[in-house]
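# A closer look at the structure
Here is how the chains run, residue by residue.
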Amino acid sequence: MIFLKKAGVRCNMTAPSPEIQIFPGFCDVHVHFREPGFSYKETIRTGSYAAARGGYTAVCTMPNLKPVPDSLPHLQEELSIIEKDACIRIFPYGAVTVDEAGEKLSDMENMAPDVVAFSDDGRGVQSESMMRNAMEKAKSLGKIIAAHCEVNELLHGGYIHDGEYARAHGHSGICSESEWRQIERDIRLSKETGCAYHVCHISCRESVELIRKAKKEGADITCETAPHYLILDENDLQEDGRFKMNPPLRGPADRDALLEAVCDGTIDMIATDHAPHSAEEKAKGLSGSAFGITGIETAFPLLYTYLVRKRILSLERLISLLSGNPRRRFGIPLEEEDLTAWDLSAEYTIDPKDFVSMGKATPFAGMSVFGKCMYTKVSGKTVWNGETA
Ligand SMILES: [Zn+2]
């Protein structure tokens, strides 16, 4: 260094040479691409390019659409847009009940060949007998039920975690019990029926315990959590709609339990629950904004920065959580030359203005991360290389 200074050579220590690593294409089993029905929030086209930028070559789209894919003709509307506009592989969910209203089973039989699994995501299936019927049907069709677990009776108008922050700031809370009560019921039903059951976006420590126990007992159960539940908790909340999602950011003890569960294999995969909304819908603070944040472009950099670089998780294990494990559970093969390349030395600040997604609301805005997607290929064809290809 001294020699360099004397010689008048500037030694740039802040720009290390690129450290490019190539990974199997990521697979996100929980996204909302909003089409058909809500193309002002996101489209199959913008969602799939955002996914490609995030390193994903396969995603599963949730059925809270208009029309809800609850019959073959309704599903066909989504499939035809996917066929036309998707730049990556998209596997839709079929709804469990007609219009996700919880009152009548959807036409699961006719949709089964064209859907990855069944879910009423966005809401819980309230009736136990309805869920039992759905599981029996799914079992006979060889399909998974993926459940958003939420007991409506326990919500009491809540919109953030029923914890210290809510009490200190006069907000209505969502108790953890509203999540784990339904998981507890569904584990019992899954054991009774033998149906393969997957729990969406777990957020609290009680859910972890129930699933850990059920797995030990040999139940056919898997679960996912999302990056925000692993990296943030209620102490990070701000009076801003970009911190509002369902389930909500829980307490620090919940976050610790989720991290432990990711490390010991109780949590099988990390999904984003990418749920874009319009700027207006997210501009009404914690109480008035819509539930949901955008997340598919930031998942890998966040997890790499806050879990791998902090030595909570190995890079290899993170890739399993983002690709191998979800693919195995949901029967989504890694096709040849479906891959993504990342510069792990690139450091930058998350700026929603850069998002390809139409949804800009993220609690991670302004946070510094490592990891920039250099390119993503689907069947060897470049779909992202710094811009939409
Ligand atoms: Zn959900």
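Just above, that's the structure.
Nothing here was measured: the structure is a model prediction, and the numbers come from that model. (Residues numbered from 1 in each chain as written. Predicted model: local features only at pLDDT ≥ 70, side-chain atom pairs only at ≥ 80, totals over all residues. Heavy atoms only, no water.)

## Here's the deal with a nonpolar patch on the surface
The condition is simple: Grouping into patches uses exposed residues only, defined as over 30% relative accessible area, and leaves out salt-bridged ones; the cut-off is 9 Å for like charges and 5 Å for nonpolar side chains (Val, Leu, Ile, Met, Phe, Trp, Tyr). Calculation of accessible area relied on Shrake-Rupley with a 1.4 Å probe; when residues are assessed, cover is drawn exclusively from the protein chains displayed. The working definition used for a salt bridge is a side-chain nitrogen of Lys or Arg within 4 Å of a carboxyl oxygen of Asp or Glu. Helix and strand definitions follow DSSP, with helices as H or I runs of at least four residues and strands as E runs of at least two, each counted in order from the N terminus.
The grouping of I20, I22 and M374 at the surface amounts to a nonpolar patch, some 260 Å² of accessible area in total. Relative to the helices and strands, M374 resides in strand β12 (residues 368-378).

## Examining helix α12 (residues 299-308)
Keep this limit in mind: Only protein chains enter the accessibility calculation, which uses a 1.4 Å probe; a residue is then buried when its area is under 20% of its type maximum, exposed when over 50%, and partly exposed in between.
Burial within α12 is extensive, with 10 of its 10 residues counted as buried. Turning to α12, its buried residues are A299, F300, P301, L302, L303, Y304, T305, Y306, L307 and V308.

## Brief notes about the packing of α12 against helix α13 (residues 315-330)
Helix packing for two helices is described by the angle between their axes and how far apart those axes are. For clarity, the threshold we go by: Axis lines are fitted through C-alpha atoms, for helices just across the contact stretch, and the angle between N-to-C directions can take any value from 0 to 180 degrees. In this scheme, a crossing is called left-handed if the near helix is turned counterclockwise away from the far one by less than a right angle; it is called right-handed if the turn is clockwise. Residue contacts follow a heavy-atom distance rule, with two residues in contact if any of their heavy atoms lie within 4.5 Å. Each residue is assigned to one class: nonpolar for Ala, Val, Leu, Ile, Met, Phe, Trp, Tyr, Cys and Pro, charged for Asp, Glu, Lys and Arg, and polar for all the others, Gly among them.
Here α12 crosses α13 at 145°, and the two axes come no closer than 11 Å. Every pair of crossing elements has a handedness; the one defined by α12 and α13 is right-handed. Only L315, L318, I319 and L322 of α13 make contact with α12, whose side of the interface consists of F300, L303, Y304 and V308. A per-class count over the contact of α12 with α13 returns 8 nonpolar, no polar and no charged.

## Some words on the pattern of salt bridges
Applying the stated criterion across every chain, the model contains 24 salt bridges. Two residues, R242 and D240, come together in a salt bridge whose shortest N-O distance is 3.3 Å. As a salt-bridge pair, K353 and D351 come within 3.6 Å of each other at their nearest N and O atoms. Among the residues examined, D351 registers a relative accessible area of 26% and is labelled partly exposed. Overlapping salt bridges bring together E128, R132, R188 and E192 as one network.

## Considerations on the sheet that holds strand β2 (residues 26-31)
Our working rule: Paired strands are those between which DSSP finds at least two bridges.
With parallel pairing, 3 strands are arranged side by side in an open sheet as β2-β3-β4. The open sheet has two edge strands with one neighbour each: β2 and β4 (89-92). Strand-to-strand twist in this sheet, taken as the mean axis angle between neighbours without regard to direction, amounts to 20°. In the sheet, strand β3 (residues 56-61) pairs with β4 via 4 bridges, with the strands oriented parallel. Its bridge partner lying in β4, T61 is registered against P92.

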